[in-house]
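Coordinates in review
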Amino acid sequence: MPHRASNILRVVLLLCCALALLSPTPAASAPDDRAAARRPRHVTAETREGRLRIFDEVWETVRALYYDPNLHGLDWDGLRAKYRPEAASAGGPQELYSVLRRMLAHLSDPHTRVYEPGRGADWRETRHIAVGVQLRELSGEPVVARVERGSPAERAGVRAGDILLSIDAAPVHQLLARRSDAEQMADAQPSDTQPADDGRAFARASVKRRARRVAGLFDGPESSTFEAVFREEGGRERTVRLTRELVARTPALRVRRASGAYVVVEFNLFTQEIAAGVARVFRDELKDARGLILDLRDNGGGEADAMTDIASLLLPPGLPLGRFDDRAGRTRLEPRTRAALLSSADAPARFSGPVVVLTGARTASAAEVFAAALRESGRAARVVGEETCGCVLGIRRRHTLPDGGTLDVSEMDYRTAAGQRLEGSGVEPDELVTPTRRSLREGKDPALTRAVEILKEAGRKRPSAQSSMSRGSGGRM
């Protein structure tokens, strides 16, 4: 599609990475920058009138632009009646935006979200609440998947593989039950865009929602503290006081070797800078590589152009990567691989050796599009790991609220080149490889181990990798 239109849609695949997984104005369409410029500058969430104006604009914008005109079957008018009084009586900006998030949570859509003034301005540096401990569900229990080095949790003795029992004396199972209330309301009214099947899709969606609830157990107000009780492998319980801190998640690219001959490329966002960095890796690091492992397990999405650039290093030019349609069924974006990269002026060095893609529950949005494209095209030898988030919707533009806050709305739905819808279902791996408490405790990575085995098997079936690199658009894939 034309480059100008592509720039308009640069954040189309942005996903919030904190899966730790809300009377209308007469305007019929969403506010744009010109409308925002005409607004009075004195609107503030400190006054009742200001809070109602902000609330009404969020509610109306979602109603007017959301990709599903039926809003997943939700009673949107009823939600307005429920939350508008809470917005009116909120005790300031923080409480108002908490009300807005609770309303938007009924959509079960991590793309549609709202930010207070001064936050969310740069999507590449998202901020989220963290305590130095990352949770995931294993065998029905919330298990510590990762502990940040040097964090208070690590100093207190919390280790990967420990089980979380309670937060401030409240058993975890009770906390999870409370968090499911809004989701149960949404489940009771299935969307017309997601027709019923044999129940498998519903069950998968329920598992994903529970995983997000587990990941978000430590959410809470910034700077607040709480006591968490963990159980170690031997049964000993450990009580730790943790503090919720606002931390930034910035773009990161990591390259390393596995078993000497295989290159592992891991990046957490699709940005122009990351795409240029990956292009340099392909040019400098893959000359003698016998296989490539793309680790997308912590990749939460990003720019469509950056995703297309990286896909273009592995796929022939002109290959469709799917399409994004708006609520009227009009196609707004059809990314295709290209001969020349937008992120780099150099001729791309393409890699034709075997590729394995690693995915997990945090693999989302643009990363899901990328993984699906490599599999559908047959370019990935295997997709290994766990099912992805199923969070693939498109944001056309950001909306400025009357007080300077920001609203993102999912305006487009996505389907792969083969017509598969990923929202709510995600990408299923070719080989399901799930960590265990033991592998977490021992710092082992079974998915990466399996990826190396697959590349070794592929190497025995193909010629030497000496000719696996090609330069320029004429290179053989």
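**Quick look at the overall build of the protein**
Assigned secondary structure in the protein consists of 14 helices and 23 strands. Per element, the accessible surface of the protein, about 20900 Å² overall, is 48% carbon and sulfur.

**Digging into the pairing of strand 16 (residues 355-359)**
In terms of burial, strand 16 is a largely internal element, 5 of the 5 residues being buried. Side chains V355, V357 and T359 of strand 16 all project onto a buried face; the interleaved residues V356 and L358 project onto the opposite face, where all are buried too. Bridge analysis of strand 12 (residues 291-295) against strand 16 gives 4 bridges, and the strand direction is parallel. Note that in strand 16 the partner of D295 across the bridge is L358. The pairing of strand 16 with strand 17 (residues 382-385) spans 4 bridges and is classified as parallel. Among the inter-strand pairings, V356 is bridged to a residue of strand 17, identified as R382.

**What about unusual backbone geometry?**
With a phi angle near 50°, L71 is a residue other than glycine that sits in the positive phi range. Summarising the element assignment, L71 is placed in the loop between helix 3 (48-65) and helix 4 (76-88). Residue classification places L71 among the buried residues on the basis of a relative accessible area of 4%. Not every positive phi belongs to a glycine, and D168 is a case in point at roughly 50°. Structurally, D168 can be placed in the loop between strand 5 (163-167) and strand 6 (170-171). When its relative accessible area of 45% is taken as the criterion, D168 is described as partly exposed.

**Some points on helix 14 (residues 446-459)**
For an α-helix, 3.6 residues make a turn, and residues three or four places apart therefore share a direction. Taking 1.5 Å per residue as the helical rise, helix 14 with its 14 residues ought to reach 20 Å, and the 20 Å between its terminal C-alpha atoms agrees with that figure. What helix 14 keeps buried is the set A447, L448, R450, A451, V452, I454, L455 and A458.

**What about the nonpolar core?**
Inside soluble globular proteins, nonpolar side chains tend to come together where they are buried. Grouped together as the largest cluster of nonpolar side chains are 45 residues, with contacts concentrated most on F270, L292, L314 and F370. Secondary-structure elements contributing two or more residues to this core are strand 11 (262-267), helix 10 (272-284), strand 12, helix 11 (304-312), strand 16, helix 12 (366-376) and strand 21 (412-415). Of the residues forming this core, the biggest block, 8 residues, is contributed by helix 12. M103, V114, L393 and L401 belong to the second-largest nonpolar core, a separate cluster that totals 30 residues.

**Describing the state of the cysteines**
Summed over all chains, the structure comprises 1 disulfide. There is a disulfide in this structure between C389 and C391, and the S-S distance comes to 1.8 Å. Residue C389 shares its accessibility class with C391, and that shared class is buried.

**Focus on the packing of helix 3 against helix 5 (residues 93-104)**
Interhelical geometry of helix 3 versus helix 5 gives an angle of 20° and a closest axis separation of 11 Å. Taken together, the axis directions place helix 3 and helix 5 in an arrangement best described as roughly parallel. With respect to the hand of their crossing, helix 3 and helix 5 are arranged in right-handed fashion. On helix 5, the residues touching R51, I54, F55, V58, W59 and V62 of helix 3 are L96, Y97, L100, M103 and L104. Looking at the contact of helix 3 with helix 5, its residues break down into 10 nonpolar, no polar and 1 charged.

How each quantity is defined
Residues numbered from 1 in each chain as written. Predicted model: local features only at pLDDT ≥ 70, side-chain atom pairs only at ≥ 80, totals over all residues. Heavy atoms only, no water. Helix = DSSP H or I, 4+ residues; strand = E, 2+ residues; numbered from the N terminus. Areas by Shrake-Rupley, 256 points an atom, 1.4 Å probe, with all protein chains shown as cover. Buried < 20%, exposed > 50% of the residue type's maximum accessible area, 1.4 Å probe, protein only. Pairing = 2+ DSSP bridges. Expected span 1.5 Å × (residues − 1). Core = buried A, V, L, I, M, F, W, Y, C linked by side-chain atoms within 4.5 Å. Disulfide = S-S within 2.5 Å. Axes fitted to C-alpha atoms, helices over the stretch in contact; angles between N-to-C directions. Parallel < 35°, antiparallel > 145°, perpendicular 65-115°, else oblique. Left-handed = near helix turned anticlockwise from the far one by under 90°. Contact = heavy atoms within 4.5 Å. Nonpolar A, V, L, I, M, F, W, Y, C, P; charged D, E, K, R; others polar.

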